[in-house]
Amino acid sequence: MTTVRTTPATPPPRLPVRDKAAALGRGWGGVSPMLTRLAAERATGVLVRERGTLHLADGQVVHAESPDAPGADVLLAAHGTLDADVWRQALAESVASTGGAGTGARRLTGAEAVHRAGRRLVAGGLLTPGALEMCRLTALYDAAYFALAPSSTPGRFRYGGEDGPDEPGGLSSREPEGTPGVPRPVPVADLERETLRRRDLLHRIWPDALPDEVPLTREHRPAAPSLPARRQAVLARVDGVRTASEIARELGRPAFHTLVDVRRLVAAGVVSPCPPPSFTEPEPLPVPLPVPGPPGAGLPVEPVDPHITLLKRLRDALEAL
């Protein structure tokens, strides 16, 4: 412990107090302190969290992945914008273009491979830059919402690429903004503000987050309310097995948008989360069979008068004299 001596002329130093007004004006910094620190130091690398990863370049987010959210390839192929086989071929060609083992080339990170595949499709005229950027940003914000969810384990950050420092042409390289297919980074402040806005929206629709993670089941009502076509498509896939994320992947929609539909269905009383499996009660122990005793053992016993017992003892004593 450090002791600070004070005198009337030198008052004690003020304790550090968080500037709430500055934090309110800034509007970000409360979702992930580690992400805030990485943004301040303009770090480049991969932030691994419990429910997803964020790829940073110069302190800004350029890519996000989460097992709970479909990627940009799923969104592009869902509505006929791009054939799934075409995307897989472009992704394979992007990975192969860096060289194989023993060539000294660094293996691409997942984010770099996805971005290079998109640029290859744009350069070949198979995809417009606007469609690619729209799907990329939609998938980024969607995955970041889950990656920045409260977790029980601390995050880990790996500086640089997965297997070494970034090379020219990677995500951290500077390229002209007009280059087709070049991803635009997202500031951490914008990402955290959008994440908080989405949390608040879901809470206002239905405050319980259980329907976001567990399988969903239908609530059969005598008169079901009329639903828009978007919500009907979600309801048609509620079968007691699928979760909201699995429904989003099947429909080719962002997972967060599906969560909004699911919570509205729950609020309308049409869908409910499946209850967790309860513990089965132990079987009752078998009742032991009665053991036969001496004759008259099962008959009711009459109460004995204590005075009669005393008189019998006195009789036995007198007879013994």
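In what follows, the structure referred to is the one given above.
Every chain is numbered independently, its residues counted from 1 as its sequence is written. Note on the predicted model: pLDDT of at least 70 is required for a residue's local features to be given, and 80 or more for side-chain atom pairs to be given and counted; whole-chain, interface and lining totals, by contrast, use all residues. Computation of side-chain values: all heavy atoms of the structure, hydrogens and water removed.

K.L.:
So what's going on with the overall build of the protein? Residues and values would help.
P.N.:
Helix numbers and strand numbers start at the N terminus; a helix is a DSSP run of H or I with at least 4 residues, a strand a run of E with at least 2. Counting secondary structure elements, the protein contains eleven helices and six strands. Remark: exposure states derive from per-residue accessible area (1.4 Å probe, protein chains only) relative to the maximum for the residue type, with buried under 20%, exposed over 50%, and partly exposed in between. In the protein, which comprises 321 residues, the share counted as buried stands at 35%. When contacts within the protein are restricted to residue pairs at least 6 apart in sequence, long-range pairs at least 24 apart make up 73% of them. Total accessible area on the protein stands at roughly 20300 Å², and carbon and sulfur atoms take up 59% of it. By definition in these notes, contact holds between two residues if any of their heavy atoms fall within 4.5 Å. Values of accessible area rely on a 1.4 Å probe in the Shrake-Rupley scheme; residue burial ignores everything except the protein chains shown.

K.L.:
Tell me about the environment of S66, and please be specific about residues and values.
P.N.:
With respect to the helices and strands, S66 occurs in the loop between β3 (60–65) and α3 (72–78). Sequence separation of S66 and A139 is 73 residues, and the distance between their C-alpha atoms is 9.6 Å. Dropping the residues within four chain positions of it, S66 is found in contact with R51, G52, A143 and F146. A polar contact of 2.7 Å, which involves the side chain of S66, links it to the backbone oxygen of R51. Identification of polar contacts relies on pairs of N or O atoms within 3.5 Å, with a donor-acceptor requirement for protein atoms, meaning one able to donate a hydrogen and the other able to accept it, and with residues adjacent in sequence counted only if both atoms are side-chain atoms.

K.L.:
Run through helix α10 (residues 255–267), naming residues and quoting values.
P.N.:
The first and last C-alpha atoms of α10 sit 18 Å apart over 13 residues, in line with the 18 Å expected at 1.5 Å per residue. With respect to burial, α10 is a largely interior element, ten of its 13 residues being buried. Inspection of α10 places A255, F256, T258, L259, V260, D261, V262, R263, L265 and V266 among the buried residues, and these make up the whole buried set. In this fold, the buried residues of α10 make contact with α6 (129–147), α7 (188–205), β5 (216–218), α8 (229–235), α9 (244–251) and β6 (271–273). A positive backbone phi angle near 80 degrees is found at G269, which sits one or two residues after α10. What a helix should span is 1.5 Å times the count of its residues minus one.

K.L.:
Talk me through the side chain of D261; I want residue IDs and the actual numbers.
P.N.:
Along the chain, D261 falls in helix α10. Residue contacts for D261: discarding those within four places in its chain leaves R230, R231, V234 and R253.

K.L.:
An account of the packing of aromatic side chains is needed here, citing residue identities and associated values.
P.N.:
A pair of Phe, Tyr and Trp rings is counted when the ring centres sit within 6.5 Å of each other, with Trp represented by its six-membered ring. The angle between the planes then sorts it: under 30 degrees is stacked, over 60 is edge-to-face, the rest tilted. All chains considered together, the criterion is met by three aromatic pairs. On the numbers, 5.3 Å between centres and 85 degrees between planes, the contact of Y145 with F146 is edge-to-face. Accessibility classification places Y145 together with F146 in one group, the buried group. Note on geometry: a ring has a charge over it if NZ (lysine) or CZ (arginine) is within 6 Å of the ring centre and within 35 degrees of the ring normal. Just above the ring of F256 sits the side chain of R198; from NZ or CZ to the centre is 4.6 Å.

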